[in-house]
Amino acid sequence: GWCPLSSTGPQTTQPLVESPWRPAVLWDRVTLTCQGSGTTSATTWHKDGQRWGQEIQDKFILSKNGTYKCDRPSSGLSPLVTILNDQLVLQVPALVLLDGDTVTLRCRA
């Protein structure tokens, strides 16, 4: 589960993409989780700008590409997350990278 580092101050809503590579692509079995304060039963999802009524749960494996965001009444609307289903994708590891780091790129088709 998600735990805030501090109980003071506002908590923001964040969609967490569980995928080892960025950008996330649908054929990697991407799991999307909504993080934020409040109960998970109050989570609502939006896909491609519209409320996504089929998914009211907090965590699920994606079956459709698109642009997602989640909402919790106590912490608000999250930023957008885009999940691709392109035929050719250039990916980088989902790690924090610093200037000068060596990185492996992955071209997938």
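The model shown is predicted, which means the values in this text are computed figures rather than measured ones.

Before going further, it helps to examine the overall build of the protein chain. On a plain count of helices and strands, the protein chain comes out with zero helices and eleven strands. Taken from the N to the C terminus, the helices and strands of the protein chain come in the order β-β-β-β-β-β-β-β-β-β-β. Per-residue burial for the protein chain yields a buried fraction of 33% across its 109 residues. When contacts within the protein chain are restricted to residue pairs at least 6 apart in sequence, long-range pairs at least 24 apart make up 52% of them.

Turning our eyes to something else, we now look at the nonpolar core. Counting 14 residues, the largest nonpolar core has Val-17, Leu-32, Trp-45, Leu-62 and Ile-83 as its most contacted members. Mapped by element, the contributors of at least two residues to this core are β3 (31-35), β7 (66-72) and β9 (81-83). Those residues in contact with Leu-32 that lie beyond four places of it in its chain are Pro-15, Leu-16, Val-17, Trp-45, Asp-58, Lys-59, Phe-60, Leu-62, Tyr-68 and Val-81.

It is worth spelling out the pairing of β3 at this point. Of all five residues that make up β3, four are buried, and the element is covered over most of its length. In the sheet, strand β1 (residues 14-18) pairs with β3 via five bridges, with the strands oriented antiparallel. Looking at β3, one finds that Val-17 is bridged to Leu-32. Relative to strand β6 (residues 59-61), β3 runs antiparallel, the two being bridged by three bridges. The residue bridging Leu-32 from the neighbouring strand is Phe-60, located in β6.

Joining two cysteines, a disulfide is a covalent bond between their sulfur atoms. One pass over the structure, following the stated rule, counts one disulfide. Each sulfur in the disulfide pair Cys-34 and Cys-70 lies 2.1 Å from the other. Residues Cys-34 and Cys-70 share a disulfide whose torsion about the S-S bond is about 80°; that sign makes it right-handed. Of this pair, Cys-34 sits in strand β3 while Cys-70 sits in strand β7, placing them 36 residues apart in sequence. Both residues of the pair, Cys-34 and Cys-70, count as buried.

Here is what the cut-offs are and how they apply
- Sequence order as written defines residue numbering, which begins from 1 separately in each chain.
- This being a predicted model, a pLDDT of at least 70 is required before a residue's local features are given, and a value of 80 or more before pairs of side-chain atoms are given or counted; all residues contribute to the totals for chains, interfaces and linings.
- Hydrogens are left out, water is left out, and the side-chain values use all remaining heavy atoms of the structure.
- Working definition: helices are DSSP H or I runs of at least four residues, strands are E runs of at least two. Numbering for both runs from the N terminus.
- Partly exposed describes any residue whose relative accessible area lies between the buried limit of under 20% and the exposed limit of over 50%, with all areas from a 1.4 Å probe on protein chains only and scaled to the type maximum.
- Throughout, a contact is declared for two residues whenever any of their heavy atoms are within 4.5 Å.
- In these notes, a set of buried Ala, Val, Leu, Ile, Met, Phe, Trp, Tyr and Cys residues joined through side-chain atoms within 4.5 Å is what counts as a nonpolar core.
- DSSP calls a pair of strands paired once it identifies at least 2 bridges connecting them.
- In what follows, a disulfide is any cysteine sulfur pair within 2.5 Å.

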